[in-house]
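# Topology and contacts: notes
So the chains spell out like this:
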Amino acid sequence: MASMRSIKRRKESVQSTQQITKAMKLVATVKLQKARARVEANTPYFEMLYKVMCSILSKTLVSQNAFLSESDEGKTVVIVMSSNRGLAGGFNSNIVKLVDSAGFDKENTEIYGLGRKGIDGLKRRGFTIGKDDSDVINDPLYDDCIAITKELIGRFLDGEIKNIYVAYTDFQNTVTHVPTLRKIIPLSKEDFPEDMLDETDVDKSLTMNYGSTGLNWSTELAYLGTRANFDSPEEDILNLLIPKYMTNIIYGAFLESIASENAARMQAMDSATENAEDMISRLSLQYNRARQGSITQELTEIVAGAEALA
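Residues numbered from 1 in each chain as written. Predicted model: local features only at pLDDT ≥ 70, side-chain atom pairs only at ≥ 80, totals over all residues. Heavy atoms only, no water.

## Things to note about the nonpolar core
- Counting 50 residues, the largest nonpolar core has Ile79, Met81, Leu152, Ile184, Ile250 and Phe254 as the members making the most contacts within it.
- Going through the elements one at a time, helix H1 (4–59), strand S1 (75–81), strand S2 (109–114), helix H4 (142–157), strand S4 (161–171), strand S5 (177–185) and helix H8 (234–309) are the ones with two or more residues in this core.
- Here this core gets 16 residues from one element, more than from any other, and that element is H8.
- If you look at the next biggest cluster of nonpolar residues, it comprises eleven residues, including Val80, Val99, Leu122 and Tyr165. (Core = buried A, V, L, I, M, F, W, Y, C linked by side-chain atoms within 4.5 Å. Buried < 20%, exposed > 50% of the residue type's maximum accessible area, 1.4 Å probe, protein only. Helix = DSSP H or I, 4+ residues; strand = E, 2+ residues; numbered from the N terminus.)

Right, here's the structure in full:
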């Protein structure tokens, strides 16, 4: 049996660790509340933009647009969103496993890393890291997403990239976080749910009338902050909206990932705190048993000494 001194030292060490995990849980809880508020604030804009894109793709006949055309040349770029710190359960490892099991050709795939943990994990699995922009994940701004979009779209239009994916963790609630891989460019009807492409459902949510030469828009583009001629041809509308769509997908993925990271860290620290409490209980029991054994031994020695003197 371990000595009383070693048990006491270990118990104090676990108690110190428990204080740290409690503090980290509280910090993660506060950050989660802020992240959820940002996700909820972004949802109306994203839903409207998503419906606009679905409506266009359900009715447009444009097939030669660069953003809709599949190509066999160029690299596949995967924007991978993880975290710069650990202690978040399986948050980072799940993203790495998702990308690794997606069937990408590693020799022809470039990772655009946003988060050092994901970058390190994919590098160990043989992926090429094209860019490390991990500092952005600490406090992502919409301007950061615009810069990423401009860079990647420029490379896409130059033929250097053939398609772009984003890998992130979808925040559903405090307990459920789903690793998600989404194709951003090129767009196709197959990338959207069939029910969203249904003309009846779309017309219920949008006020859009299509003419023989183009689109006649009402207030949706103004809501999205986009300026366009109301009789613009379909291709011009697509060239205007798709970069905005891509930017908001990336920004939304940022917000979802940050909320998921803090929720995962809060759960991990809560579990660690409970485990520490269990360890402290077991160590207290061991300490009491060791103390009782020590007292019993001392009493036995006193009685034996007294009998020897009698």
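## Section: H4
- Given a rise of 1.5 Å per residue, 16 residues ought to cover 22 Å, and the 22 Å separating the end C-alpha atoms of H4 matches this to within 8%.
- Of the residues making up H4, those classed as buried are Cys145, Ile148, Thr149, Leu152, Ile153, Arg155 and Phe156. Angular distribution of buried residues about the axis of H4 spans 160°; they occupy a single face of the element. Exposed and facing more than 90 degrees away from the buried side of H4 are Asp143 and Lys150.
- One or two positions beyond H4, positive phi appears at glycine 159, with a value near 85°. (Expected span 1.5 Å × (residues − 1). Arc of directions from axis to C-beta.)

## So, a nonpolar patch on the surface
- Where nonpolar side chains cluster on the molecular surface, the patch consists of Ile295, Leu299 and Ile302 and spans about 290 Å² of accessible area.
- Structurally, the position occupied by isoleucine 295 is in helix H8. (Patch = residues over 30% accessible without salt bridge, like charges linked within 9 Å, V, L, I, M, F, W, Y side chains within 5 Å. Areas by Shrake-Rupley, 256 points an atom, 1.4 Å probe, with all protein chains shown as cover. Salt bridge = Lys/Arg side-chain N within 4 Å of Asp/Glu carboxyl O.)

## A closer look at the sheet that holds S5
- With mixed pairing, the five strands of this open sheet are ordered in space as S3-S2-S1-S4-S5. Looking at the sheet topology across the chains shown, the edges are occupied by strand S3 (128–132) and S5. Each strand axis lies, on average, 25° off the axis of its neighbour in the sheet, ignoring direction.
- In this structure, S1 lies alongside S2, joined through six bridges in parallel fashion. Counted as the bridge partner of valine 80 is glycine 113 from S2. (Pairing = 2+ DSSP bridges. Axes fitted to C-alpha atoms, helices over the stretch in contact; angles between N-to-C directions.)

## Re the packing of aromatic side chains
- The full count for this structure, using the stated rule, is two aromatic pairs.
- Ring plane angle 70° and centroid distance 5.2 Å describe the contact between phenylalanine 104 and tyrosine 165, whose orientation is recorded as edge-to-face. With phenylalanine 104 in the loop between helix H2 (91–100) and S2 and tyrosine 165 in strand S4, the pair connects residues that are 61 residues apart, well separated along the chain.
- With relative accessibility at 16%, the residue phenylalanine 104 sits in the buried group.
- Overall, tyrosine 165 belongs to the buried group, its relative accessible area being 19%. (Phe/Tyr/Trp six-rings, centres within 6.5 Å; stacked < 30°, edge-to-face > 60°.)

Functional significance is not addressed by these values, which are geometric in nature.
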